[in-house]
Amino acid sequence: MEVAVAALPFLGIIALGVGVIWWQVRRRRIMREGLQRLAERDGLRLTTRPGGLDAAQLAGHVAATPRGDRRRGVRHGVEGPAEVTLDGVATRIELACFEWWYEARVQTDKSISYQERTTTVALARLPLAVPGRLVVRPEGILGRVGLARSDQQLESEEFNRRFHVDGSDPQLTVGFLDAAMQHRLLSTAVGRTIHLEGDLLVLGGRPDHRDGSLPGVIGELPAVAQDLVGLVRAVPAQVWRAARAAPDDTGQGGTGRSSTGQGGGR
């Protein structure tokens, strides 16, 4: 009897471990079935290479997909065509959405561990390649209080407090971030990251709405895709006109792919 009583804590630990494993297996199955349901409902394809880019090409080269400190990757990816109007012309683009995960190092006085972090991302392949590179990301704490900000400041003081702008081409920066776009981003994209480069437009960060019929992060995928389509439609017409006028690497006009799409990085 005493032996049986002494064994109870060990049996409890075993039961807890079995329960955790059962829940993890069940959760993976629910997410897999939810993703398949989304793909079948919306006519999408499952993918591990959104926009033709693998994890190595995305990590650290696209601002919305942080490299992290150890492992990283694409999870729950789907892709398919979307119809948008660019500068008055009906256009089909390729759009992908997925969950990006990466491991961040957590260091204390006694140990180093790694914590998984995730974000929801939508990525569009555009029919035109813009000249230059533009990243709009959340401003840091010092920037929000006015102590440290990027050199590229815009007319809206509220926008400058909320976003950090890093652009390689002043014409692209000013053309993309006109007054209407600044207002849109303040209304819909605070805390999120936008990356525009070549024929890539990427939106990263959790949406403020979701599809309640789908489980977990799967319900965020249609929402972030919808947000990116809205962002593409809101891009000022002068950006597309500049892209058409800009020569690409072949001298044939702005139809080339981004440098990220050509390989694993710069």
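Residues numbered from 1 in each chain as written. Predicted model: local features only at pLDDT ≥ 70, side-chain atom pairs only at ≥ 80, totals over all residues. Heavy atoms only, no water.

Novice: How would you sum up the layout of surface pockets? Please name residues and give values.
Specialist: Of the voids in this model, the largest pocket is the one considered here, and its volume is about 330 Å³. Arg-27, Arg-28, Met-31, Arg-75 and His-76 are, among the 11 residues lining the largest pocket, the residues nearest its centre. If you tally residues by element for the lining of the largest pocket, the top one is helix H1 (residues 2-42), at 6 residues. Looking at the lining of the largest pocket, its residues break down into 3 nonpolar, 2 polar and 6 charged. (1 Å grid on protein atoms, 1.4 Å probe; cavity = no way out; pocket = protein on both sides within 12 Å on 5 of 7 lines; lining within 4 Å. Points joined across faces, edges and corners; volume = space filled by probe spheres on them. Helix = DSSP H or I, 4+ residues; strand = E, 2+ residues; numbered from the N terminus. Nonpolar A, V, L, I, M, F, W, Y, C, P; charged D, E, K, R; others polar.)

Novice: Got a sec to walk through helix H8 (residues 237-245)? Specific residues and values, please.
Specialist: Every buried residue of H8 is listed here: Val-239, Trp-240 and Ala-243. When H8 is viewed along its axis, its buried side chains cluster within an angular range of 95° and face the same direction. Those residues of H8 that are exposed and angled more than 90 degrees off the buried face are Arg-241 and Ala-245. The inward-facing, buried residues of H8 abut strand S2 (72-86), strand S4 (112-138), helix H5 (170-176) and helix H7 (221-234). (Buried < 20%, exposed > 50% of the residue type's maximum accessible area, 1.4 Å probe, protein only. Arc of directions from axis to C-beta. Contact = heavy atoms within 4.5 Å.)

Novice: Lay out the environment of Asp-199 with the relevant residues and their values.
Specialist: Within the secondary structure, Asp-199 sits in strand S6 (residues 193-204). When the C-alpha atoms of Asp-199 and Ala-243 are compared, they prove to be 9.6 Å apart, with 44 residues separating the residues in sequence.

Novice: Can you tell me about the pairing of S4, naming the residues and giving the values?
Specialist: Relative to S4, strand S3 (residues 89-107) is paired through 14 bridges, and the arrangement is antiparallel. In the sheet register, Glu-94 faces S4, and the bridge partner there is Arg-125. Between the end of S3 and the start of S4, which pair antiparallel, lie 4 residues. When S4 meets S6, the two strands line up antiparallel, connected through 10 bridges. Across the sheet, the residue bridging to Val-130 is Gly-198, located in S6. Two strands pair when backbone bridges link them, and S4 and strand S5 (residues 163-167) are joined in this way by 5 bridges, in the antiparallel orientation. Residue Val-136 lies in a different strand from S5, and its bridge partner there is Val-165. (Pairing = 2+ DSSP bridges.)

Novice: Tell me about unusual backbone geometry, residues and numbers included.
Specialist: Residues other than glycine seldom take positive phi values, yet His-76 does so here, at roughly 60°. Here His-76 is to be found in strand S2. Its identity is not glycine, yet Asp-87 carries a phi of approximately 55°, on the positive side. Within the element layout of this structure, Asp-87 appears in the loop between S2 and S3.

Novice: I'd like a description of the packing of helix H6 (residues 179-188) against H7, backed by residues and values.
Specialist: Between H6 and H7, whose axes approach to 11 Å, the crossing angle comes to 165°. As judged from the angle between their axes, H6 and H7 are roughly antiparallel. Classified by chirality, the crossing of H7 by H6 is right-handed. Facing H6, whose interface residues are Met-181, Arg-184 and Leu-185, H7 presents Asp-227, Gly-230, Leu-231 and Ala-234. (Axes fitted to C-alpha atoms, helices over the stretch in contact; angles between N-to-C directions. Parallel < 35°, antiparallel > 145°, perpendicular 65-115°, else oblique. Left-handed = near helix turned anticlockwise from the far one by under 90°.)

Novice: How would you explain the confidence of the model for the protein chain if you had to name every residue and give the values?
Specialist: Scored by pLDDT, the protein chain has a mean of 86; 80% of the residues are at 70 or more. When pLDDT is averaged over each helix and strand of the protein chain, the minimum, 54, is found for helix H3 (residues 141-144) and the maximum, 98, for strand S1 (residues 45-47). Here residues 250-255 is modelled with pLDDT under 50, and outside its nearest four sequence neighbours on either side it reaches 12 contacts, counting other chains as well. Overall, residues 262-266 carries pLDDT values under 50, and its contacts beyond four positions in sequence, including any with other chains, amount to 12 contacts. (pLDDT = per-residue confidence, 0-100.)

Novice: Tell me about the nonpolar core, and name the residues and values.
Specialist: Among the nonpolar cores identified, the biggest contains 46 residues, and Phe-176, Leu-177, Leu-185, Ile-194 and Leu-228 are the most heavily contacted of them. Setting aside residues up to four positions removed in sequence, Leu-185 forms contacts with Val-136, Phe-159, Phe-163, Leu-177, Val-190, Ile-194 and Leu-231. Formed by 14 residues, the second largest nonpolar core is a distinct cluster that contains Phe-98, Ala-104, Leu-123 and Val-202. (Core = buried A, V, L, I, M, F, W, Y, C linked by side-chain atoms within 4.5 Å.)

Novice: Summarise the pattern of salt bridges; cite the residues concerned and give the values.
Specialist: Inspection of every chain in the model, using the stated rule, returns 20 salt bridges. Of the charged contacts in the structure, one is a salt bridge between Arg-45 and Glu-79, with a shortest N-O distance of 3.6 Å. Pair noted here: Arg-45 is in strand S1 and Glu-79 is in strand S2, with a separation of 34 residues, a long-range link. Judged by its relative accessible area of 16%, Glu-79 falls in the buried class. Two residues, Arg-206 and Glu-220, come together in a salt bridge whose shortest N-O distance is 2.8 Å. Remark: Glu-220 occurs in the loop between S6 and H7 and Arg-206 occurs in the loop between S6 and H7; sequence separation between them is 14 residues. Overlapping salt bridges, with partners in common, bring together Arg-75, Glu-99, Glu-116, Arg-206 and Glu-220 in one network. (Salt bridge = Lys/Arg side-chain N within 4 Å of Asp/Glu carboxyl O.)

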